[in-house]
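Chain by chain, the residues:
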Amino acid sequence: MDLNNVQIALRPKNPWQAFDMGCRMAIRWWWLLYLAWLIPGGILFLFISIITQSTSIAVGIIWLLKPWLERPLLFILSRAVFGAAPTLKETLTAIPSQIKPLWLSSITWLRFSLWRSYNTPVAQLEGLRGKARRERIRVLHSRADNHSSWWTIVCVHLEGFLLLGVIIFLIWMLPIGTSIIDIFHLETFGDSDDIATILYNICYLLVISLVAPFYVAGGFAAYLNRRAILEGWDIELIFRKLAQRAEQSSHLTKSKIASKPSSSIVTVLMIALLTFGPFSDPAHASDREQVETNYDMSVEEDRLKLDETLQTIYQNKPFSNKKATKTIAYIGKSDKSNTSNSDAPEWLKSLLDLTMKSSYAWIIEVCLWGGFIFLILFIAHKYRDQLAEVAAQLTPTKKVRSITPDFVKEITDDPLPESPRQAMEEMLLRGEIRQALSLLLRISLLYIQNQELATFKASMTERECIAEVAKHAPTELHQAFAKLIHLWIQLAWGHQAIQPEEVRSASSFWLALQQKESAPHE
């Protein structure tokens, strides 16, 4: 690490200025950072997706391994900042060695740390572990306003907003009148890798890939800023520049003295020897005095500039710290005669005197807040029944979305008739046994979903519906539903004749439940 080759302005900044500098660093070396992220991340995503046949598992593993994928980005930034940016080949080759420090803890308990981007350079760049690492992190976190945890929160929210924006953009690109649920099969979203799940996982992978370089660069910039404050890198750079200027001035002075031609020196010596006059000495003396004067003026200018720089540094943080303190003090007029003749009781005077003392003011404040909180809790407990009724009225009722399995939709997708009993009886008289049984199935499925006893999907088969109802429904309802499904299988798949009496017998239970459910709304 050579401070002379640093590519950024190393001076004390506030945390948000440091994060801004990190974003500019990510923009400056963006192509190398994104390639170092996308190449291993994309290969890992494709490999896991092929092995597990699930993009959801692949995205979950990549989310867990994000600290490993961020290590190459920090490797690039740590060298590019000091004028030694690595090539893509060097970065990819160095991935195993960069992942090695804290490889297990970085993807377990440290994975959920809000200070990950700020603390990672301690292990990866400084190579500290154990107690030395903990002490170093304690020093770096000695200031309470580093805001490194807030940087993580900002980047997480940025990922969420970008993901939401991409999803809304894709929805806007659909033709007018297209059903989003039908084209993306949203009723099965998350259960399998359908088109909606795959698109969502790819969008999430692209979003985290877009934010990752800025997150790593922001944390690294905050780390550099903290080290610059602790170790005085800006002061060291100023002294190095002054030393270089002084060294250049010294070389310039020596070169002026040494630049006299040898023939001129010989000529001057000969004249001095021949004339023995005093006229040659003043010439040499004047040259020498002029050189010394120039050198003294250069040193004096450097000293004045150094004094101005030091004064500027001493007037800023961390050398100049101003702290504002607040105390409670009585600023009114003190009229002892009026106070002594006051009609206020003594206990009130003592209480007022006590509150004027800052050492007891916080006790009074705690008591007042405690009394206020106790009053609120007492009112809430006394009127808890009334508050529960108001909350129940304000809570919106949950609307159950009715989903009919595809094996019932094959018959008809028309809405239910106003009088299901009469409609089914007419179907039976006309000999439409299949339509009547389909209507009865739709009534039973709708009742079960309205009572939240089961959750059906369009892709479910008959036996899957029976198993779903058996999880939460009462035994009597489950048996009646199983009997109805068996009649349907016997008719639809077995092509066996079903008597109208069997349908009427199975319908009595469900029609009674349907009538009971709709009775309060009539």
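Residues numbered from 1 in each chain as written. Predicted model: local features only at pLDDT ≥ 70, side-chain atom pairs only at ≥ 80, totals over all residues. Heavy atoms only, no water.

Overview of the overall build of the protein
Our working definition: Starting at the N terminus, helices and strands are each numbered in turn, a helix being any DSSP run of H or I of at least four residues and a strand any DSSP run of E of at least two. A simple rule labels every residue: compare its accessible area, found with a 1.4 Å probe on the protein chains alone, to the largest value its type can have, and call it buried under 20%, exposed over 50%, or partly exposed in between. By definition in these notes, contact holds between two residues if any of their heavy atoms fall within 4.5 Å. For accessible areas, the Shrake-Rupley method is used with a probe of radius 1.4 Å. Any residue's cover is judged against the shown protein chains and nothing else.
Counting its regular elements, the protein contains 24 helices and zero strands. A buried classification covers 33% of the 522 residues belonging to the protein. Once local pairs closer than 6 in sequence are excluded, the contacts in the protein between residues at least 24 apart make up 72%. Per element, the accessible surface of the protein, about 33,800 Å² overall, is 63% carbon and sulfur.

With respect to the packing of helix H1 (residues 15-28) against helix H9 (residues 148-172)
The condition that has to hold: Comment: axis = line fitted to C-alpha atoms, over the contacting stretch for helices; angle = value between 0 and 180 degrees taken between N-to-C directions. Note on terminology: angles under 35 degrees are roughly parallel, angles over 145 are roughly antiparallel, angles of 65 to 115 are roughly perpendicular, and the others are oblique. Should the near helix be turned counterclockwise from the far one by less than a right angle, the crossing is left-handed, whereas a clockwise turn marks it as right-handed.
Contact geometry of H1 with H9 gives a least axis separation of 10 Å together with a crossing angle of 50 degrees. Relative to H9, the element H1 is oriented oblique. The element H1 and its partner H9 pack so that their crossing is right-handed. From H1, Trp16, Phe19 and Cys23 reach across to H9, where they touch Ser148, Trp150, Trp151 and Val154.

Overview of the pattern of salt bridges
Any two side chains of opposite charge can pair, so long as their charged atoms come close to each other. Our working rule: Here, a salt bridge means any side-chain nitrogen of Lys or Arg that lies within 4 Å of a carboxyl oxygen of Asp or Glu.
Under the criterion given, the structure shown has eleven salt bridges. The residue Glu231 makes a salt bridge to Arg136 at a minimum N-O spacing of 3.2 Å. Taken as a pair, Glu231 in helix H11 (residues 195-231) and Arg136 in helix H8 (residues 130-140) lie far apart in primary sequence, 95 residues in all. By sharing partners, the salt bridges in this structure join Glu126, Arg136, Arg227 and Glu231 into a single network.

Thoughts on the side chain of Ser105
Relative to the helices and strands, Ser105 is located in the loop between helix H6 (95-99) and helix H7 (116-124). Once residues lying within four places of it in the same chain are set aside, the contact partners of Ser105 are Leu110 and Arg111.

Here's the deal with the environment of Tyr447
Considering the arrangement of structural elements, one finds Tyr447 in helix H21 (residues 433-450). Distance in space between the C-alpha atoms of Tyr447 and Leu513 is 7.8 Å, their sequence separation being 66 residues.

As for the nonpolar core
What counts, and what does not: Nonpolar core, defined: a set of buried Ala, Val, Leu, Ile, Met, Phe, Trp, Tyr and Cys residues in which side-chain atoms within 4.5 Å join the residues together.
Counting 47 residues, the largest nonpolar core has Ile8, Met25, Leu77, Val81 and Phe220 as its most contacted members. For this core, the secondary structure elements donating two or more residues are H1, helix H2 (30-52), helix H3 (55-64), helix H4 (66-80), H7, H8, H9 and H11. Element by element, the count of residues in this core is highest for H11, at 15 residues. Apart from the residues within four sequence positions on either side, Val81 is in contact with Asn5, Val6, Gln7, Ile8, Met25, Trp29, Phe220 and Leu224. Among the nonpolar cores identified, the runner-up in size contains 38 residues, and Ile433, Met460, Cys465 and Ala492 belong to it.

Some words on H9
What counts, and what does not: Helix span, as expected, comes to 1.5 Å for every residue beyond the first.
The terminal C-alpha atoms of H9 lie 36 Å apart, and with 25 residues this matches the ideal 36 Å at 1.5 Å per residue to within 8%. Of the positions making up H9, those classed as buried are Ser148, Ser149, Trp151, Thr152, Cys155, Glu159 and Leu163. Buried residues in H9 make contact with H1, H4, H7 and H11.

Details of the confidence of the model for the protein
The condition is simple: Confidence of the predictor in every single residue is expressed as pLDDT, which spans 0 to 100.
Per-residue confidence for the protein gives a mean pLDDT of 77; residues scoring 70 or more make up 67%. Confidence drops under a pLDDT of 50 for residues 335-341, and excluding neighbours within four residues, the segment shows one contact in the predicted structure.

Some remarks on the packing of H9 against H11
Close contact between H9 and H11 brings their axes to 9 Å; oriented N to C, the two are set at 150 degrees. Here H11 runs roughly antiparallel to H9, going by the angle between their axes. The chirality of how H9 crosses H11 is right-handed. Across the interface between the two elements, Trp151, Thr152, Cys155, Leu158, Glu159, Leu162, Leu163, Val166, Ile167 and Leu170 of H9 pack against Tyr200, Cys203, Tyr204, Val207, Ile208, Leu210, Val211, Phe214, Tyr215, Gly218 and Gly219 of H11.

Focus: the environment of Ile443
Mapped onto the secondary structure, Ile443 falls in helix H21. Relative accessible area serves as the criterion here: at 3%, Ile443 is assigned to the buried category. Separated by 70 residues in the primary sequence, Ile443 and Leu513 place their C-alpha atoms 9.5 Å from one another.

Topic: the packing of aromatic side chains
Where we set the bar: Aromatic pairs are defined between Phe, Tyr and Trp rings, using the six-membered ring for Trp, whenever the two ring centres lie within 6.5 Å; interplanar angles under 30 degrees are classed as stacked, those over 60 as edge-to-face, and all others as tilted.
Tallying each qualifying case throughout the model produces six aromatic pairs. On the basis of an interplanar angle of 70 degrees and a centroid distance of 5.2 Å, the ring pair of Trp16 and Phe19 is categorised as edge-to-face. Placement of the pair is Trp16 and Phe19 together in helix H1, with a separation of three residues, close to one helical turn. The buried category is assigned to Phe19, whose relative accessible area is 1%. With 6.1 Å between their ring centres and 85 degrees between their planes, Trp369 and Phe372 make a pair best called edge-to-face. Remark: Phe372 and Trp369 occur in helix H17 (residues 358-382); sequence separation between them is three residues, near one turn of the helix. The class of Phe372 is partly exposed, set by a relative accessible area of 46%.

Overview of the environment of Leu158
Turning to its location among the elements, Leu158 is positioned in helix H9. What makes Leu158 partly exposed here is its relative accessible area of 39%. C-alpha separation for the pair Leu158 and Val207, spaced 49 residues apart in sequence, amounts to 9.0 Å.

Brief notes about helix H22 (residues 462-472)
Stated formally: The directions considered for the arc run from the helix axis to the C-beta atoms.
Turning to H22, its buried residues are Glu462, Cys465, Ile466, Glu468 and Val469. Taken around the axis of H22, the buried residues stretch over an arc of 165 degrees, which confines them to a single face. Exposed and facing more than 90 degrees away from the buried side of H22 are Arg463 and Lys471.

A word on unusual backbone geometry
Although it is not a glycine, Gln53 sits at a positive phi angle of roughly 60 degrees. Relative to the assigned elements, Gln53 resides in the loop between H2 and H3. For Gln53, a relative accessible area of 63% puts it in the exposed group.

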